[in-house]
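Inside the fold
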Amino acid sequence: MRRRWTHDELVAGVLAGDRRALARAISLVENRDPEAEEIVRELYPRTGHAFAIGVTGPPGVGKSSLIGALVRRVRALDLTVGVVSVDPSSPFTQGALLGDRIRLADHFLDPGVFIRSMGTRGHLGGLAEATLQALLLLDAAGRDVVFLETVGTGQSEVEVIGIADVVLLVLMPGSGDSVQALKAGIMEIPDVIAVNKMDHPGARTMVGEVRSVIALEPDPERRPRILLTEALRSEGVDELWGELGRRRDALRDDGRLDERRRRNLRGEVVSVAAARARERIEQALAADPRLGALVEEVQRRETDPLTVVSAILDEVLGGDPGRGAGGP
């Protein structure tokens, strides 16, 4: 039988690091329960201590295995860990399709490790919001290190890991599309790059390809270090963990970590506000025939789009800020 938590019990439980309280609080966040906002609001002053590491890369390169190896390294240092794995949604259950990652199964019974998979549920903006709040809850619960794992390297994944202190990009030999994405600037976010499956004949060739891409960055300080790893045997993992820590320390020592956190939080405020505004507009268009008729006027080319945008913003959000800056 599921325990019924009071608000005060949940807050106290999260602060005490209680796994059940933490799981319940994150479920409230995922479900957009109004109580979740109250809990996060109360716990927010107790955050800002966890080392948040974003881990991204194409599917199949061994991100979960590498995170599992890193978790073992971190636990050997007697530090506590949280893992948030962002998965595609199942069209049937609307939950996380892959569930809590099989490669992380070794850590399920470790009280010092908390693992949670989160599904998109069809709303990427909502997923970024839920991921941020889950990170804040894990931070308030006293987790020393939190890994944020995404399943790809598209814009939505960049948005999710945009709340991390340090970003790790995982690649593997043969993932040529990833190098092309680096060249296109899509993945100009990593602080550290790991080329996994180091025994593959093409591993060192790929390191050379990636190095040639990041050499285009004019600032040497911004060029990520490239490391070879083999997650299943934990080879190169100690060096990788050390590099992640050195990167965090370098950012902290010259003030860039604090600046990055402020920028990330500002970006999340804007992102969440935009996602919620979009939801309100879509709901209003579905519920108000007058607004729907305005859109139809655009479709019939009877009214221009910007005029209708201003009318919708006036109706739903109380005004169009673009008007004061040269807008219609």
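Structure: above.
Presented here is a report on the structure given in the accompanying data block. (Residues numbered from 1 in each chain as written. Predicted model: local features only at pLDDT ≥ 70, side-chain atom pairs only at ≥ 80, totals over all residues. Heavy atoms only, no water.)

What to know about the environment of Glu 302
In this fold, Glu 302 is placed in the loop between α11 (289–299) and α12 (305–316). There is a polar contact of 2.9 Å between the side chain of Glu 302 and the side chain of Arg 300. (Helix = DSSP H or I, 4+ residues; strand = E, 2+ residues; numbered from the N terminus. Polar contact = N/O pair within 3.5 Å; in protein donor to acceptor, adjacent residues only side chain to side chain.)

Digging into the side chain of Asp 110
Among the structural elements, Asp 110 can be located in the loop between β2 (81–87) and β3 (113–119). Of note is the side chain of Asp 110, whose polar atom sits 2.8 Å from the side chain of Arg 75. Look past the residues within four positions of Asp 110 in its chain and what remains in contact with it is Arg 19 and Arg 75. (Contact = heavy atoms within 4.5 Å.)

Some details on the nonpolar core
A general tendency of soluble globular proteins is for nonpolar side chains to be buried together. If you look at the biggest cluster of nonpolar residues, it comprises 34 residues, and the most contacted ones within it are Val 14, Leu 22, Ile 26, Ile 39, Leu 43, Leu 137 and Leu 148. Breaking this core down by element, the ones donating at least two residues are α1 (7–15), α2 (19–30), α3 (34–43), β3, α5 (124–140) and β4 (145–149). With 8 residues, the single largest contributor to this core is α5. Once residues within four sequence positions are removed from consideration, Ile 39 is found in contact with His 7, Leu 10, Val 11, Leu 28 and Leu 137. (Core = buried A, V, L, I, M, F, W, Y, C linked by side-chain atoms within 4.5 Å. Buried < 20%, exposed > 50% of the residue type's maximum accessible area, 1.4 Å probe, protein only.)

Quick word on the pattern of salt bridges
Scanning all chains against the criterion turns up 24 salt bridges. With its nearest N and O atoms 2.5 Å apart, the salt bridge here joins Arg 233 to Asp 199. Highlighted residues: Arg 233 in the loop between β7 (225–228) and α9 (237–253) and Asp 199 in the loop between β6 (192–195) and α8 (203–214), separated in sequence by 34 residues. Close ionic contact of Arg 300 with Glu 296 constitutes a salt bridge, the shortest N to O distance being 3.9 Å. On the accessibility criterion, Glu 296 (41% relative accessible area) is partly exposed. (Salt bridge = Lys/Arg side-chain N within 4 Å of Asp/Glu carboxyl O.)

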